[in-house]
Amino acid sequence: MKNILFAALAPFLLFAVSCTSEDSETPIPTPTESVKGISLSPRSFSSADFTTFFELVDDAGHYLTWAGDWMQLADSNSAAAVVCALAAQYNYEPAILTSWFRTEDGSPIHDLTTANKQLFTQYVRDFAARYQPPIMVLGVELNTANEYSAQNYTEFASAFPSARDSIRRVSPNTKVGVDFLWETMLGYHGGLFGGVNDTTNTQFDLIDNFPSADFIGFNTYPSLIFADPDSIPAGHYSRIADVTSKPVAFFECGWHSGANIPGWESSEAEQARFVSKFFDSTNSLDPIAIIWSYLFDQQIAEPFTTMGLWNSSTNSPKAAWTVWMDAEQ
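Residues numbered from 1 in each chain as written. Predicted model: local features only at pLDDT ≥ 70, side-chain atom pairs only at ≥ 80, totals over all residues. Heavy atoms only, no water.

**A short note on the sheet that holds strand 6 (residues 215-220)**
So, point 1. With respect to topology, eight strands assemble into a closed barrel ordered 1-2-3-4-5-6-7-8, the strand pairing being parallel. Within the sheet, the average angular offset between the axes of one strand and its neighbour, ignoring direction, is 25°.
So, point 2. As paired strands, strand 5 (residues 175-181) and strand 6 are joined by five bridges and run parallel to one another. When the sheet's bridge partners are listed, Leu181 is paired in strand 6 with Asn219.
So, point 3. Set on the sheet, helix 10 (residues 268-282) makes contact with strand 1 (36-39), strand 6, strand 7 (248-253) and strand 8 (290-292); between it and strand 8 the angle comes to about 170°.
So, point 4. Contacts from helix 11 (residues 319-326) reach strand 1 and strand 8, with the element oriented near 140° to strand 1. (Pairing = 2+ DSSP bridges. Helix = DSSP H or I, 4+ residues; strand = E, 2+ residues; numbered from the N terminus. Axes fitted to C-alpha atoms, helices over the stretch in contact; angles between N-to-C directions. Contact = heavy atoms within 4.5 Å.)

**Overview of the environment of Leu64**
So, point 1. Mapped onto the elements, Leu64 comes out in strand 2 (residues 63-69).
So, point 2. Leu64 sits ten residues away from Phe54 along the chain, and the two C-alpha atoms are 9.4 Å apart.
So, point 3. With residues up to four places along the chain from it excluded, the contact list for Leu64 reads Ile38, Ser39, Leu40, Phe53, Phe54, Val57, Val83, Tyr92, Glu93, Pro94 and Ala95.

**Considerations on the confidence of the model for the protein**
So, point 1. Here the protein averages 91 in pLDDT, while 90% of its residues score no lower than 70.
So, point 2. Note that residues 3-8 has pLDDT below 50 and, in this model, 15 contacts with residues that lie over four places away or in other chains.
So, point 3. A low-confidence stretch, residues 14-32 (pLDDT under 50), is modelled with 26 contacts involving residues beyond four sequence positions or located in other chains. (pLDDT = per-residue confidence, 0-100.)

**Examining unusual backbone geometry**
So, point 1. Along the chain, Glu302 connects to Pro303 via a cis peptide bond; the corresponding omega equals 0°.
So, point 2. Mapped onto the secondary structure, Pro303 falls in the loop between strand 8 and strand 9 (310-311).
So, point 3. One non-glycine residue, Asn91, lies in positive phi territory at about 65°.
So, point 4. Inspection of the secondary structure puts Asn91 in the loop between helix 4 (87-90) and strand 3 (93-99).
So, point 5. Classification of Asn91 by relative accessible area gives buried; the value is 14%.
So, point 6. A positive phi angle, near 50°, is found at Asp286, a position not held by glycine.
So, point 7. Mapping Asp286 onto the fold places it in the loop between helix 10 and strand 8.
So, point 8. Residue Asp286 is classed as exposed on the basis of its relative accessible area, which comes to 62%. (Buried < 20%, exposed > 50% of the residue type's maximum accessible area, 1.4 Å probe, protein only.)

Encoded structure:
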């Protein structure tokens, strides 16, 4: 759902890794100690802000995610590669989210030709062999891709098993899965999505297209539908247990803290309430990962611009940051 920032960050990440040692005596914690994490979202492109960001990652949780075009995985200088290279030093585990489709509208980034499918399998396999990431997602918000083109979605689903198996052969401990946007999967297309809510028109059957996935991931932005955390229906997240028996993860979750959209005004206190409610509501699912979308506010479209746990303007934490750090999952 969020705009992909990470390709633009690669030159700055390369600077960061060139200025630090790759050796670290600090052991990387296991995922069982915490499932929380954050996406690559520094305050700015300056080297100082990058350093501050990486120093905060360990407080945010064990995972740092990169998301982007799968073709970037072939570039050893890409942001994805550098995120993996810095993991030991900054005491996090990298989670790599790559996709064929734009999350804005589901359109393909590359044509799903036979040649490209072969490259896809090669690139994800070679990346996994080199970096051994604990988690790889091979398709992000796939229900959006299905809405754009059911044929494209079906072609990707048919390519997934061989790509997943190629990864597991070279990196047996890497969990490989896919990702869906939870609110639209439930039939919510209204609110800030601009459509009509129809909870009788669910998309749960799309999960069945990936029987070989090690987990099913979800992105969730309920503040695009509900004006207040208390308006989120009971069972909004526990219903996931009814639609898949696989392990689940949340690779993007967020609630804005700004008051710039009439009818969807929020605040830092409201954002903090959502964080608390989210952990309470998902505890029974025992997710393998929970990733908050942004550490720092980003200069992107509303309402995502204020979804950070830190205020970029003041360079200070919001109320939700403390709740996030204290939450146990």
